[in-house]
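Chain and residue survey
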Amino acid sequence: MTSFNLIGLFLISLTFFTFVCFAQEGRLIVDKDIINTEYPTTNQDVIALYTICNVGEGTAYNVFLKDDSWYFEDFDVLEGSLSAKWDQILPGQNVTHALVLTTDTPGKRYISEGKVLYQPAPFSPRRVSYTTMIGRIDVVPFSSSETRNEPHLMEWLGFIGLSLLFFIPLAIYYLRITYKNKKKPGKKEKK
Amino acid sequence: MSKTKNSQLDKDLAEFDKIIAQKLEDTGVKSTKKQQTLYFATGFIASHLINYIFITIFQLKFLEWWLLFIFNSIFSGLLLVLPLHNTTFSLRFKMFTNKEQQIRNKNKKENTDGPSQAKKDILNLIKKEAISFSIFYNLIFYIFVALIFIFYIFGSFEPASNLIASSASSIFIVGFVSTLPIKNQ
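Computed from a prediction, not measured in an experiment: that's the story for all the values here.

1. Section: the overall build of chain A
- Across its full length, chain A carries 4 helices and 10 strands.
- Order of helices (α) and strands (β) in chain A, N terminus to C terminus: α-β-β-β-α-β-β-β-β-β-β-β-α-α.
- Every one of the 191 residues in chain A was classed for burial, and the buried ones make up 32%.
- Within chain A, residue pairs in contact and separated by at least 24 positions form 69% of the contacts whose partners lie at least 6 positions apart.

Written out as structure tokens, the structure reads:
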């Protein structure tokens, strides 16, 4: 009897072990991006969007997103939070997380990657996946950004005025000389 | 026989060289210092139009970047002397060639290579016309090409780099075009 129990236990554990080893696993890829502007300015809302996609064949469990890169680059969170949690993400499913940030100080910033911790299968150890990097962004003062994006009509009128001031006398002189040059030679001898 | 033929050929070639040398001298193959100063001054003033764009539209502060603006103007003026002179000389040579027959008809007894009042008058007028046309055409072309480089080709550069790159590139293009032959009028 005991030998049968042992064999049964062995078979059950073997099945369980096989099931755990060859179970379908979840695999997450995460995209991080600023979606509302290409050139952020001071005191302007910057919307960061995280898109988590499960490209594996199994469910990902206990997904935890954490991103401190904004905090280290002097950005303040207006809406949302720098961390988020999902119990599970089914295979082929996308989830998103958005937050609204702002900053007071202009200058060059480097936004590095965030982290996502998850279990690719039940009872498996945690795996880390990194978000994409936004990289270097230049936060310009709001006033200079406004002036840079204006149509600058008065400046263009000034440029046209200065160009005319320079080229019109030249044009008049050239036309005068051409007219003199094209006069018939006989006219000069009529003194 | 062959010796006499060769000596006659050499004489003809020497005379032809003399005529060409005289023609080149009359049409100003070497620019005078006065002309060079005029070309430099007009190029210097025209480059200030480019500086104006960077100060007003690209918000480059004059007090921070004054050295860059001055260097840009001086180098643009210096480098524009060559294309301005090229265009002037090409035009003078072309116009003088066309008017040679007119000079010969006026002074049938005198040689066109020698000095004559009619030739001097015509050369003077040709010189003025060629210089004014060269300055007018080359500087308009320079500003047009510079605007294309500033807003389209180097538009994504930093403003200071944009200024240097677009100035240099537009002067290069103007210089290159000035070496092309002028079409027959």
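2. Side note on the interface of chain A and chain B
- Taken together, the contact between chain A and chain B spans 21 residues of the former and 27 residues of the latter.
- Across the interface of chain A and chain B, roughly 2300 Å² is buried in total on both sides, 74% from carbon and sulfur atoms.
- Remark: the boundary between chain A and chain B carries 0 salt bridges.
- Across the chain A-chain B interface, the total number found is 1 residue pair in polar contact (both at pLDDT 80 or more).
- When its residues are assigned to classes, the side of chain A that touches chain B shows 11 nonpolar, 6 polar and 4 charged.

3. Concerning unusual backbone geometry
- A positive phi angle is found at A:Asn62, which is not glycine, with a value near 50°.
- Structurally, A:Asn62 can be placed in strand E3 (residues 60–66).
- Backbone geometry places B:Gln59, a non-glycine residue, at a positive phi of 60°.
- Looking at the element boundaries, B:Gln59 is found in the loop between helix H2 (33–56) and helix H3 (62–106).
- Overall, B:Gln59 belongs to the partly exposed group, its relative accessible area being 36%.

4. Examining the packing of H2(B) against helix H5 (residues 159–178) of chain B
Residues and elements named next belong to chain B.
- Their axes nearest at 11 Å, the elements H2 and H5 cross at an angle of 160°. Our classification of the angle between H2 and H5 gives roughly antiparallel. The interaxial crossing formed by H2 with H5 has right-handed handedness. Here Ile 50, Asn 51 and Phe 54 of H2 lie close against H5, whose contacting residues are Pro 159, Asn 162, Leu 163, Ser 166 and Ser 167.

5. Considering the UniProt feature "transmembrane region" (unreviewed entry) in chain A
- Feature annotation in UniProt assigns "transmembrane region" (unreviewed entry) to the following positions: residues 156–175 of chain A.
- Across residues 156–175 of chain A, helical content stands at 100% and strand content at 0%; the span's end C-alpha atoms are separated by 27 Å.

6. Looking at the sheet that holds strand E5 (residues 83–89) of chain A
All names here are of chain A.
- The strand order across the open sheet formed by 4 strands is E5-E3-E8-E9, and the pairing between neighbours is antiparallel. A strand with exactly one partner marks an edge of an open sheet, and here the two such strands are E5 and strand E9 (127–130). On average, each strand axis in the sheet is inclined to that of its neighbour by 20°, with strand direction left out of account.
- Across 4 bridges, the pairing between strand E8 (residues 115–119) and E9 is antiparallel. Within E9, the position partnered with Val 116 by the bridge is Ser 129.

Conventions and cut-offs
Counting restarts for each chain, with residues numbered from 1 along the sequence as it is written. Chains and ligands are labelled by the order in which they are written, letters from A for the one and numbers from 1 for the other. In keeping with the model being predicted, local features are shown solely for residues with a pLDDT of at least 70 and side-chain atom pairs are shown and tallied solely at 80 or more, while totals for entire chains, interfaces and linings include all residues. Only heavy atoms go into the side-chain values, all of them from the structure, while hydrogens and water stay out. Where helices and strands are cited, they refer to DSSP runs of H or I of at least four residues and of E of at least two residues respectively, numbered from the N terminus. A simple rule labels every residue: compare its accessible area, found with a 1.4 Å probe on the protein chains alone, to the largest value its type can have, and call it buried under 20%, exposed over 50%, or partly exposed in between. Here, residues are in contact when the closest pair of their heavy atoms is within 4.5 Å. By convention, the term buried area covers the 1.4 Å-probe accessible surface removed from two parts as they join, with the contributions of both added. Any Lys or Arg side-chain nitrogen located within 4 Å of an Asp or Glu carboxyl oxygen qualifies as a salt bridge. We call two N or O atoms a polar contact when they sit within 3.5 Å, provided that within protein one can donate a hydrogen and the other can accept it, with sequence-adjacent residues counted only if both atoms are side-chain atoms. In this count, Pro and Cys sit with the nonpolar residues alongside Ala, Val, Leu, Ile, Met, Phe, Trp and Tyr, while Asp, Glu, Lys and Arg are called charged and the others, Gly among them, polar. Angles run from 0 to 180 degrees between N-to-C directions of axes, and those axes are lines fitted to C-alpha atoms, restricted for helices to the stretch in contact. What sets the label is the angle itself: under 35 degrees gives roughly parallel, over 145 gives roughly antiparallel, 65 to 115 gives roughly perpendicular, and the rest give oblique. A clockwise turn of the near helix away from the far one marks a right-handed crossing, whereas an anticlockwise turn of less than a right angle marks a left-handed crossing. UniProt positions are given in the numbering used here, feature names are shortened, and annotations may be inferred rather than shown by experiment. When DSSP locates at least two bridges between a pair of strands, those strands are taken to pair.

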